[in-house]
Amino acid sequence: MILSSKTCKRDVFYLINKYSGIVSKVETEMLLEYLFNCARIDLYIRNFSINETIEELYDSLISRRLNGEPVQYITGCAEFMGLDFIVTKDTFIPRPETEILVNELLNSPDKSFRILDLCTGSGNIAVSLAKLMPQIEVTATDISEAALKIAEKNAARHNVSERIKFYKGNVFNALVFDKNPKFDIIVCNPPYVKKAEFPYLQNEVKQEPEIALNGGGDGLDFYRIIAKESHRYLEKCGSILLEIGFGQKQALKDIFSLYNIFEIHKIIKDFSGIERAMWINLL
Ligand SMILES: C[S@@+](CC[C@H](N)C(=O)[O-])C[C@H]1O[C@@H](n2cnc3c(N)ncnc32)[C@H](O)[C@@H]1O
């Protein structure tokens, strides 16, 4: 629905309201921040002049959004832990739920860690940990070279490149390049969508890289690898902090209990009350 511009005064509020009820206010603001290259607050306090070209540009951004393109791919930017991250179609879009993993580590009493971020994607976990915990060292790995390039850019953007080592490879295989692959914590938000669920994913999610979503037949492939191999890369009494999918808790407990070397320390719920993260200790 395109409203008649003749009857409306052309200021930012006109643009904010133009697609109200069709596109959410938050997404509208994100697109306008991108269009005017400004902070959200500026939309409300600065006086932007709106001409026809700007309105047409705005309409084209809205049309991409209405065609199912995630707003973060349109703007090339996603917010995570209050920081801006570059994202492209090669990277998974960081989700607010994943902030739980970072907050758990921030609130942990032991603050001097070597941390491994497996499946780093845009580097949102690795970079925010390095930024917010100046004493830690981080190693971040991913199988996607394109995603790793973006993660490296994000580390540079937040001035933490010197404290994060990035390696490419299949799960733990990437660590063959690390001189000292022993960590106090392994943190991971792996692909955990079941193959059978793919046709039912939201259109927006379908535009994210399949490799970032596909957790195999039952969604648990990566947890099995982590349960089997992590002890070789963990310091004594090290821990694993995992994001988990809806309803996966019991299956994960079963997988980790097979090895008799782990204890489930904590299950953490997200803002919707869904069990979203699991903290596992190596005994
Ligand atoms: C769900 S995304 C998580 C990205 C980011 N850590 C986050 O929390 O937003 C999963 C990531 O795992 C990576 N990945 C997929 N298969 C992999 C594999 N076999 N080895 C290492 N990384 C893999 C994908 O490229 C993707 O970046």
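Residues numbered from 1 in each chain as written. Predicted model: local features only at pLDDT ≥ 70, side-chain atom pairs only at ≥ 80, totals over all residues. Heavy atoms only, no water.

1. Side note on the state of the cysteines
Scanning the entire structure with this criterion turns up zero disulfides. Its sulfur unpaired, C77 is 12 Å from the next cysteine sulfur, which belongs to C38. Classification of C77 as partly exposed rests on a relative accessible area of 23%. In this structure C119 is not part of a disulfide, and its nearest cysteine sulfur, from C188, lies 4.0 Å away. (Disulfide = S-S within 2.5 Å. Buried < 20%, exposed > 50% of the residue type's maximum accessible area, 1.4 Å probe, protein only.)

2. A short note on the site of the ligand
With respect to spatial proximity, 20 residues lie near the ligand, and among them C119, D142, N170, V171 and N189 are the closest. A distance of 3.5 Å is found between an oxygen atom of the ligand and a backbone nitrogen or oxygen belonging to G121. A distance of 2.7 Å is found between an oxygen atom of the ligand and a side-chain nitrogen or oxygen belonging to D142. For the ligand, whose unbound accessible area comes to 600 Å², protein coverage reaches 96%. Contributing elements (two or more residues each) for the shell around the ligand: helix 7 (124–132) and helix 10 (210–213). Among the residues forming the shell around the ligand, the class breakdown is 11 nonpolar, eight polar and one charged. (Near = heavy atom within 4 Å. Polar contact = N/O pair within 3.5 Å; in protein donor to acceptor, adjacent residues only side chain to side chain. Areas by Shrake-Rupley, 256 points an atom, 1.4 Å probe, with all protein chains shown as cover. Helix = DSSP H or I, 4+ residues; strand = E, 2+ residues; numbered from the N terminus. Nonpolar A, V, L, I, M, F, W, Y, C, P; charged D, E, K, R; others polar.)

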